[in-house]
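# What the coordinates show
Chain by chain, the residues run as shown.
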Amino acid sequence: MSSGAAPFDVPSVLREVKMIRAEGLVRIRDLSLPLLRQAAAARSAAVTDAWPVEVENLLRTAVSGLGGGDLQEAAGLTLGLAPGMRDRPAADRRRLAAKVYSVSVERFRKSHEEMVLGQITEQICWIAGTRVGGTDALHVPLLAPYLQHRALRVGPVSLTLHVHPVELLRDVDVIVSPLNTHLSLPEMYKASVPAALRRAGALRDATGDVIADPVHDELLDWRAANGLRGRPVLPGTVAPTGPGALAGVRRIYHAAVTVPRSGTNDYDVTPQDVTAAAARALALMDEERDGFEPPLRSVCFPLLGAGRGGLPPQTSISALWAALAADTAQDRDVHLVVRRPSLADLVTDVLRARRLHRAGDELPDHEETRHRCV
């Protein structure tokens, strides 16, 4: 990528996807789509003047990875990828996509459409980073600005802070996933950590259709085995499952931190429950550690309760830190994951403040380093 090119990150790619939504597939050649062209070129053996076809094929692959259902159908309609939709005006495509969700066109424009286009964009970023040409190397020129991590040290605790969607994590033994006290996973098309992990863990056939939902099924089995089919668990409960098809991860710990508010779509969450869930996840990891070969050693936390739970991110990281600071395991490899650099900056500032409060001095420069994942 030349120095004058736009950065390959979610907001930049999303802007190009929105251009195609507005102008349609028939006008791709007239649009400025440098990032989509690069992502499409990463998937083809040669770059030719037929790049609009490659971009369209990239979009079709991204939509096919959405797991079916309303999300995939609405995505195909929104971008004009559905049969007979190629040359339809943007207003027609939006109207038909709104019907999929049984909502008004205006509500779809303000809410559902942003979610649909965001999910397509994340699939594109994932595709651009998968193995190219059968090799093990990531397409580094595309994703180097997108996949990042920061090495932090706060007192005696060393942390790795990842800046990318949770489903892109690799080589981490345990991912802790926030969940409601009914331990009910959201649908795969939703935009949340548990939905992303469920989607990434699903087994698919050659056409991309979901043929098994192992993370969901194992969680149901855990609830049945613990006599919890018809009632919620206490906040702070953690239920373990396998990762399904999610590569490079060995366990998912589903942490009950959000309490559904009766008669609404809202949730309640407290910092105390986040701390309790994080502490329980660490204890469960110790219990399961030697049952795996090699033993479980690394664990990654998102900002528990900071999504639909509504907990401010700085409160979530402070509550997580309370559990991490009390952890007595000497060989634990601790990771945090956030989606956006702005959140990573906030996490860094909160942890720095914790360190300053404990030590009463300034954080030396060498205690925070930033890396690209390559």
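Residues numbered from 1 in each chain as written. Predicted model: local features only at pLDDT ≥ 70, side-chain atom pairs only at ≥ 80, totals over all residues. Heavy atoms only, no water.

## Looking at the packing of aromatic side chains
- A full pass over the atoms with the stated rule returns 1 aromatic pair.
- Above the face of the tryptophan 51 ring, arginine 37 is positioned so that its terminal group lies 4.0 Å from the ring centre. (Phe/Tyr/Trp six-rings, centres within 6.5 Å; stacked < 30°, edge-to-face > 60°. Lys NZ or Arg CZ within 6 Å of the ring centre and 35° of its normal.)

## Overview of the nonpolar core
- Formed by 42 residues in total, the largest nonpolar core has its most connected members in Ile20, Leu36, Ile120 and Ile124.
- Broken down by element, this core gets its largest block of residues, 8 residues, from helix α6 (residues 105-129).
- Apart from the residues lying within four places of it in its own chain, the contact partners of isoleucine 120 are Val17, Ala62, Val63, Leu66, Ala75 and Leu79. (Core = buried A, V, L, I, M, F, W, Y, C linked by side-chain atoms within 4.5 Å. Buried < 20%, exposed > 50% of the residue type's maximum accessible area, 1.4 Å probe, protein only. Helix = DSSP H or I, 4+ residues; strand = E, 2+ residues; numbered from the N terminus. Contact = heavy atoms within 4.5 Å.)

## Observations concerning the packing of helix α2 (residues 34-41) against helix α3 (residues 51-64)
- α3 packs onto α2 with a crossing angle of 80° between their chain directions and a minimal axis gap of 9 Å. Classed by the angle they form, the pair α2 and α3 counts as roughly perpendicular. Between α2 and α3, the residues in contact are Leu36, Arg37, Ala39 and Ala40 and Trp51, Glu54, Val55 and Leu58, respectively.
- Partitioning the contact of α2 with α3 into residue classes produces 6 nonpolar, no polar and 2 charged. (Axes fitted to C-alpha atoms, helices over the stretch in contact; angles between N-to-C directions. Parallel < 35°, antiparallel > 145°, perpendicular 65-115°, else oblique. Nonpolar A, V, L, I, M, F, W, Y, C, P; charged D, E, K, R; others polar.)

## Concerning the pairing of strand β3 (residues 172-180)
- Counted residue by residue, β3 has 9 buried out of 9 residues, so it is predominantly covered.
- Bridge count between β3 and strand β7 (residues 249-260): 8 bridges; the pairing is parallel. Note that in β7 the partner of asparagine 180 across the bridge is threonine 258.
- Where β3 meets strand β9 (residues 298-301), 2 bridges bridge the pair, whose relative direction is parallel. When the sheet's bridge partners are listed, valine 174 is paired in β9 with valine 299. (Pairing = 2+ DSSP bridges.)

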